[in-house]
Amino acid sequence: MALEWVVLGYAAGAEAIMVLLLTLPGLDGLRRGLVAVTRNLLKPFLSVVPFCLFLLMDIYWKYETRPSCEDDSCTPSEHLRHQKSIMKSQRNALLIAAALIFYWLLYSVTNLVVKIEQLNQRIERLKNKD
């Protein structure tokens, strides 16, 4: 199961880097190429959404089938393993949330940058007509 989390982490990292590059000021020369690359990657990155839902169901299943270790019936090592399992589940849930939020941000920022470029082209055409 660790490979799935690595893949999701890399996808979230790639999304975060693209959002950062799209929003940094002063990269107007690179922005057109970056917007084209990002628009082409939005559809493949959409696979992150069902993948996150699958991993979220996996976390829920592990939570439901995990033996409870709340009483004194557990040994210290079992109690520690139980706590580590809870911490991993919380960490993985945060990773899922980050991947989904970064995808939504990437989609929104890309659409806004495209609209801004279209409006700038309209302004240039109107200036050229006058």
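All of these numbers come straight from a predicted model, not from anything done at the bench.

Rules used in this analysis
Residues numbered from 1 in each chain as written. Predicted model: local features only at pLDDT ≥ 70, side-chain atom pairs only at ≥ 80, totals over all residues. Heavy atoms only, no water. Patch = residues over 30% accessible without salt bridge, like charges linked within 9 Å, V, L, I, M, F, W, Y side chains within 5 Å. Areas by Shrake-Rupley, 256 points an atom, 1.4 Å probe, with all protein chains shown as cover. Salt bridge = Lys/Arg side-chain N within 4 Å of Asp/Glu carboxyl O. Helix = DSSP H or I, 4+ residues; strand = E, 2+ residues; numbered from the N terminus. Buried < 20%, exposed > 50% of the residue type's maximum accessible area, 1.4 Å probe, protein only. UniProt positions renumbered as here; feature names shortened; annotations may be inferred.

**Remarks on a nonpolar patch on the surface**
Now for step 1: Taken together, Leu3, Val6, Val7 and Tyr10 make up a surface patch of nonpolar side chains, about 440 Å² in accessible area.
Now for step 2: Residue position: Val7 is located in helix H1 (residues 2–23).
Now for step 3: Taking the relative accessible area as the measure of exposure, Val7 reaches 45% and is therefore partly exposed.

**Here's the deal with the environment of Leu105**
Now for step 1: Looking at the secondary structure, you find Leu105 in helix H4 (residues 76–129).
Now for step 2: Residue Leu105 is classed as partly exposed on the basis of its relative accessible area, which comes to 28%.
Now for step 3: Between the C-alpha atoms of Leu105 and Glu15, which are 90 residues apart in sequence, the distance is 8.6 Å.

**Brief notes about the UniProt feature "transmembrane region" (unreviewed entry) in the protein**
Now for step 1: According to UniProt, the positions carrying the feature "transmembrane region" (unreviewed entry) are residues 6–24, 45–63 and 93–114.
Now for step 2: This span, residues 6–24, is 95% helix and 0% strand, and a straight line between its end C-alpha atoms measures 27 Å.
Now for step 3: Split by type, residues 45–63 is 89% helix and 0% strand. Its first and last C-alpha atoms lie 28 Å apart.

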